[in-house]
Structures are given as structure tokens and as C-alpha cells.
Amino acid sequence: MLSVRTVMMTVLTVTAFGAGWLAKTNAQQKVPPPLITYFSHEKVEASFVQALATTGGKDLFTRKDRQGRTWAAHTNSRGKADEGKLHSHEDWTAVVVIMSGAATFITPGTASPGAARGTPEGGQLIGAGESHRVSTGDVVIIPPDAPHLYKDIEEPFQYLVVETP
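1. Things to note about the overall build of the protein
Across its full length, the protein carries 2 helices and 6 strands. When its helices and strands are written in sequence order, the protein yields α-α-β-β-β-β-β-β. Within the protein, buried positions represent 28% of all 165 residues. In the protein, of all internal contacts separated by at least 6 residues, the share reaching a separation of at least 24 is 72%. Of the roughly 11,300 Å² of accessible surface on the protein, 61% is carried by carbon and sulfur atoms.

2. A short note on the pattern of salt bridges
Inspection of the entire model under this criterion finds 3 salt bridges. The shortest N-O distance in the salt bridge between D65 and R69 comes to 2.9 Å. The class for D65 is buried, based on a relative accessible area of 13%. A salt bridge links E154 to R133; the shortest N-O distance between them is 2.7 Å. Here E154 is found in strand β6 (residues 149-164), whereas its partner R133 is found in strand β4 (residues 130-135), with 21 residues between them in sequence. With relative accessibility at 39%, the residue R133 sits in the partly exposed group.

3. A few points about a nonpolar patch on the surface
Nonpolar side chains collect at one region of the surface, where F17, W21 and L22 lie side by side and expose about 390 Å² of accessible area between them. For L22, the position within the fold is in helix α1 (residues 4-29). According to the relative accessible area criterion, L22 is partly exposed, its value standing at 45%.

4. A closer look at the nonpolar core
The biggest cluster of nonpolar side chains holds 14 residues, and the ones touching the most others in it are V96, Y150, F157 and Y159. Those elements that provide at least two residues to this core are β3 (93-107), β5 (139-142) and β6. Leaving out residues up to four positions away in the same chain, V96 has contacts with D138, V139, V140, I142, Y150, Y159, L160 and V161.

5. Comments concerning the pairing of strand β2 (residues 70-78)
Taking burial as the measure, the 9 residues of β2 include 7 buried ones, the bulk of the element. Where strand β1 (residues 58-64) lies against β2, 6 bridges are found, and the strand directions are antiparallel. Bridging from a neighbouring strand, K64 pairs with T70 of β2. In this structure, β2 lies alongside β6, joined through 7 bridges in antiparallel fashion.

6. Topic: the side chain of S100
Structurally, S100 is set in strand β3. Here P156 takes part through its backbone oxygen, which lies 2.8 Å from a polar atom of the side chain of S100. If sequence neighbours within four positions are ignored, S100 has contacts with T136, P156, F157 and Q158.

Thresholds, definitions, all that
- Residues numbered from 1 in each chain as written.
- Predicted model: local features only at pLDDT ≥ 70, side-chain atom pairs only at ≥ 80, totals over all residues.
- Heavy atoms only, no water.
- Helix = DSSP H or I, 4+ residues; strand = E, 2+ residues; numbered from the N terminus.
- Buried < 20%, exposed > 50% of the residue type's maximum accessible area, 1.4 Å probe, protein only.
- Contact = heavy atoms within 4.5 Å.
- Areas by Shrake-Rupley, 256 points an atom, 1.4 Å probe, with all protein chains shown as cover.
- Salt bridge = Lys/Arg side-chain N within 4 Å of Asp/Glu carboxyl O.
- Patch = residues over 30% accessible without salt bridge, like charges linked within 9 Å, V, L, I, M, F, W, Y side chains within 5 Å.
- Core = buried A, V, L, I, M, F, W, Y, C linked by side-chain atoms within 4.5 Å.
- Pairing = 2+ DSSP bridges.
- Polar contact = N/O pair within 3.5 Å; in protein donor to acceptor, adjacent residues only side chain to side chain.

As C-alpha cells, this is what we get:
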């Protein structure tokens, strides 16, 4: 017959092992959530000032995803000297949020009939040969290799660009 001492030691050992295993399992399951990045409006404004001073964009944030593709958010400011400069973005889509000012957004080329039609999300597709006035609060999503330019710029014309693969 087992002694009370042997039974108690076995129960305590099993209990301690179980408690340790449970604590380890809970710790593994409670991975802290990823950190969220915040930029105050003062930091964003300072980034616009720096972008204007260097006549180019200023990165606020960049990171690589699991496939090694780069995601970025940067500020940009365009002035009268930038009017009519055609450009496009290779290998990334630009989500452009107009923060201040206004400009005429132009996609050169030959107008395609019926290109400007509503999408289910409520946006409007812009085809080649079309121009649209963009201003504070507007959002333009520009796919890779889509040539575009800005004209009739009202300064300060500042926008935030989120680059997505």
C-alpha cells in the first residue's frame, strides 16, 4: 500500500508540472500586439516643410512586408515649378490624400469612352486624357505605371502618399 507521503508527493509533482505547463502555454498564446505608429500633426507639418525645402518627398514611415516588399508613407509638397511634370510610379500603388491646397490632376493620353464610371465603393475611375480638380480631403489611388501630372497648383499643395506594393 502506498504511503500518504508518496501519494502527496506525487500529487504535488503532477500539480506543479501542470501549473508550469499551463503558465507556459498561456504565455505563448498571449503574444503582445504589434505597436501602432502615430505621427502628431506637428511632426507631419514639419515633414511637409522639409519636403518643400528639399523639393522632394519626405518619408514618415517605411517597412518591409513578409514578402520583402516595401510599404511607405511620405509627405510631398508641389509648387508652381512642378506644374506639368509627367511622372509615374514603378512597382507600387500610390494612395494620395490631399492635405492642403488644390491642383488639376491630369492623366495624359487619349480619352477612353466611358472610362469615368462609378465603382461599387463610390469612387470614380479616371481614364487617359481626363483631368479632375483635386483639393483638401480628396483621395486619389494611382496604380503602378499610370502616368499623371498636376497643373494649376494652388499653394501650399501638400499631400500624403501611402506606397503599397
